[in-house]
Amino acid sequence: MMPDKNNQDAFLAVLNAHKGILYKVSNAYCARPEDRNDLVQEIIVELWRAYSGFDATRAQFSTWMYRIALNVRSLCIVVKRGAFKMRFSSTRWR
């Protein structure tokens, strides 16, 4: 299926067709329901941002979506670790 890159409805249709990927990634990496929901939202935002660059001649939508989902998850881990280190280092013992 070649999505219409300028159509939000087309994006939502292909997203809905492959929504299992969102839940597979979020369930695999997040224990708490609120963390899973946050991750799904972050993945959807990044998918929408990258949607205009999707090239159906290079990959299936599901493959492209899964790769972005894993990249977002990896970025979330890095950000959380960095934020924790920043909070920890700013609370110095005097």
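A short note on the pattern of salt bridges
Where charged atoms from two side chains of opposite charge come close, those side chains can pair. Taken as a whole and judged by the stated rule, the model has three salt bridges. A salt bridge links Asp35 to Arg32; the shortest N-O distance between them is 3.2 Å. Of the charged contacts in the structure, one is a salt bridge between Arg49 and Glu46, with a shortest N-O distance of 2.8 Å. With Arg49 and Glu46 both in helix α3 (residues 33–50) and three residues apart, the pair spans about one turn of that helix. Among the residues examined, Arg49 registers a relative accessible area of 59% and is labelled exposed.

A closer look at helix α2 (residues 19–29)
Turning to α2, its buried residues number three or more, namely Ile21, Leu22, Val25 and Ser26. Buried residues of α2, viewed axially, fall in a sector of 120°; they line one side. Projecting away from the buried face of α2 at angles above 90 degrees are the exposed residues Lys24 and Ala28.

So, the confidence of the model for the chain
Summary statistics for the chain give a mean pLDDT of 80 and a share of 74% for residues scoring 70 or more. Model confidence for the chain, summarised as mean pLDDT per element, is weakest for helix α4 (residues 61–90) at 70 and strongest for α2 at 93. Overall, residues 82–94 carries pLDDT values under 50, and its contacts beyond four positions in sequence, including any with other chains, amount to zero contacts.

Description of the nonpolar core
If you look at the biggest cluster of nonpolar residues, it comprises 21 residues, and the most contacted ones within it are Leu22, Ile43, Leu47, Tyr51, Phe61, Trp64 and Met65. With seven residues, α4 is the largest single contributor of residues to this core.

Quick word on helix α1 (residues 8–17)
Among all positions of α1, only Ala10, Phe11, Val14 and Leu15 are buried. Buried positions in α1, seen along its axis, are confined to an arc of 135° and lie on one side of it. Turned more than 90 degrees from where α1 packs its buried face, Asp9 and Ala17 sit exposed. Backbone nitrogen of Asp9 and a side-chain oxygen of the N-cap are separated by 2.7 Å at the start of α1; the cap is Asn7.

What counts and how
Residues numbered from 1 in each chain as written. Predicted model: local features only at pLDDT ≥ 70, side-chain atom pairs only at ≥ 80, totals over all residues. Heavy atoms only, no water. Salt bridge = Lys/Arg side-chain N within 4 Å of Asp/Glu carboxyl O. Helix = DSSP H or I, 4+ residues; strand = E, 2+ residues; numbered from the N terminus. Buried < 20%, exposed > 50% of the residue type's maximum accessible area, 1.4 Å probe, protein only. Arc of directions from axis to C-beta. pLDDT = per-residue confidence, 0-100. Contact = heavy atoms within 4.5 Å. Core = buried A, V, L, I, M, F, W, Y, C linked by side-chain atoms within 4.5 Å. Polar contact = N/O pair within 3.5 Å; in protein donor to acceptor, adjacent residues only side chain to side chain.

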